[in-house]
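Structure at a glance
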Amino acid sequence: MKFFDRKKEIETLLEIDEKSNTNAQFTVITGRRRIGKTALILNAYKDRTFIYLFVSKKAEPELCADYTSEVEKKLGIKIPGKITKFYQLFEFLIELSINQHIIIFIDEFQEFLNINPSVYSDMQKLWDINHTEAKLNLIVCGSVNSLINKIFRDNKEPLYARQTQFMHIECFTTDVLKQILEEYSPSYPAEDLLALYTFTGGVPKYVELMIDNKAFTKAKMINLIFRRESVFISEGKNLLIEEFGKDYGIYFTILSKISTGVNSRTAIEAEINREIGGYITKLENDYSIIEKRLPLLAKSQTKSVRYYIKDNFLNFWFRFVFKYNYMLEINAHDKLKLIVERDYDIFSGFMLEKYFRQKLTEQQSFTRIGSWWDRKGENEIDIIASDELSSKTTYYEVKRQKARINLEVLKAKSEMFKQATGGFKDYQEDYVALGMEDM
């Protein structure tokens, strides 16, 4: 698959590089694994000379031998002496950058914690001494977000506040997903677009796997995911075990329950028979894997809090791969595909609602977007979007089959919402039905 999108990110990276000609820049790039952080840098600086240092799980002297070779090749110089410590290499490069512009990209930066944690304090010392004179564009990224955040956001860490910029890389937008399908499958139906969104969530690596394997239809996507040698089957564990550490089993159980619609803390605790407050807090704040939703305009202390997995792929993985792993262990892949087909309409219906919520957010036409449900969960409104500037509110009902939507029922629910919250009473109102054909 060719490289798509990222125009704004590339513009920002090129601007940063221009600044680094006069003032050293230290950029930290964050984002979930497979989001394309490395590909972004390689594309942004493809026409410029830069040093690429990948922090693999090797002893420090071995890494430095690799790095020395990279530096000598890219800069056309010979480094005097033998480099065995990263401190030595970074000192050489930052001092060299006082007289010439240098771009350094360090990938999997958090791995220094396992190799030599003193690297961070060494870098801090050298950066503090030299950055005002250096013409250095230093970029670092890593695939374990909790560790990257600790390194740069914890005020007890040596590199705290040393970065000049954070860049968080997001998934492809809904418009970019449509652009990709139009490129490779011009006559695609809405069902295939929804499937691509449901299974990948716009994560570039997953989209690339689908496109490169010519899995342009829902059926082919499901076949690719559940092939016996599929990388998708082990992907959830590969993504999260390092993040969660020894407690991964508890986290996985909680996420599995949320993926099946058990999304209140009380309901989860009842099902797994244990208190989960600390785990929920970490999943939301430290790992950014779940989000807490309240009914629109509800008080923050409401008992109506619901939790959702933010990442589409992980939501799907916990709902079908983790839950039915016992089937995969006996190679019942075809049976599991039948279960996915059986439950797909309900699962993708939720994803369709999420798709439209994301699309409305990307349009930036509203000042507030949310959902609403009463305390008993008997009355719900899928999406409420309001604009304070124009005093307009639009109420949306979302279903796969648009013909099943009754706008009179939606209007009645909107009255319940206004009565319960006291909100948007003087706003101009609109009621909209959204279905697959509106994607």
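One structure accompanies this document, and this report is about it. Just so you know, these numbers come straight off a predicted model, no measurement behind them.

**Some points on the sheet that holds strand 9 (residues 380-387)**
With mixed pairing, 4 strands are arranged side by side in an open sheet as 8-9-10-11. With partners counted over all chains shown, the strands left at the sheet margins are strand 8 (368-373) and strand 11 (428-434), one partner each. Averaged over all neighbouring strand pairs, the angle between strand axes comes to 25 degrees, with direction disregarded. In the sheet, strand 9 pairs with strand 10 (residues 392-398) via 5 bridges, with the strands oriented antiparallel. Each residue of the ladder has a partner; that of S386, found in strand 10, is T393. Contacts between helix 19 (residues 407-421) and the sheet are confined to strand 8, strand 9, strand 10 and strand 11, with strand 11 contributing the most and set at about 135 degrees to the helix.

**Describing the packing of helix 12 (residues 231-244) against helix 16 (residues 312-322)**
Between helix 12 and helix 16, whose axes approach to 10 Å, the crossing angle comes to 115 degrees. When you trace helix 12 past helix 16, the crossing you get is left-handed. Residues F232, I233, E235, G236, K237, L239 and L240 of helix 12 pack against F313, L314, W317, F318 and V321 of helix 16. Along the lines of polarity and charge, the residues of the contact of helix 12 with helix 16 split into 9 nonpolar, 1 polar and 2 charged.

**What to know about helix 2 (residues 37-44)**
The set of residues buried in helix 2 consists of K37, L40, I41 and A44. Taken down its axis, helix 2 places every buried residue within 95 degrees of arc, on the same side. Here the buried face of helix 2 lies against helix 1 (7-19), strand 1 (25-30), strand 3 (102-107) and strand 4 (136-141).

**Remarks on the nonpolar core**
F226 and I254 are the most contacted members of the largest nonpolar core, which totals 77 residues. Among the elements that take part in this core, helix 18 (residues 333-363) stands out by supplying 10 residues, more than any other. Contact partners of I254, with chain neighbours within four places excluded, come to I268, I272, I276, Y279, I280 and L283. F86, L126, L138 and L159 belong to the second largest nonpolar core, which has 35 residues in total.

**Focus: helix 1**
If you check helix 1, its first and last C-alpha atoms are 19 Å apart, about what 13 residues at 1.5 Å a residue would give, namely 18 Å. Where helix 1 is concerned, the buried positions are E9, I10, L13, I16 and D17. Projected down its long axis, helix 1 carries its buried residues within an arc of 120 degrees, all on one side. Turned more than 90 degrees away from the buried face of helix 1 sit K7 and K8, all of them exposed. Looking at the packing, one finds that the buried side of helix 1 touches strand 1, helix 2, strand 3, strand 4 and strand 5 (165-168).

Cut-offs applied
- Residues numbered from 1 in each chain as written.
- Predicted model: local features only at pLDDT ≥ 70, side-chain atom pairs only at ≥ 80, totals over all residues.
- Heavy atoms only, no water.
- Pairing = 2+ DSSP bridges.
- Helix = DSSP H or I, 4+ residues; strand = E, 2+ residues; numbered from the N terminus.
- Axes fitted to C-alpha atoms, helices over the stretch in contact; angles between N-to-C directions.
- Contact = heavy atoms within 4.5 Å.
- Left-handed = near helix turned anticlockwise from the far one by under 90°.
- Nonpolar A, V, L, I, M, F, W, Y, C, P; charged D, E, K, R; others polar.
- Buried < 20%, exposed > 50% of the residue type's maximum accessible area, 1.4 Å probe, protein only.
- Arc of directions from axis to C-beta.
- Core = buried A, V, L, I, M, F, W, Y, C linked by side-chain atoms within 4.5 Å.
- Expected span 1.5 Å × (residues − 1).

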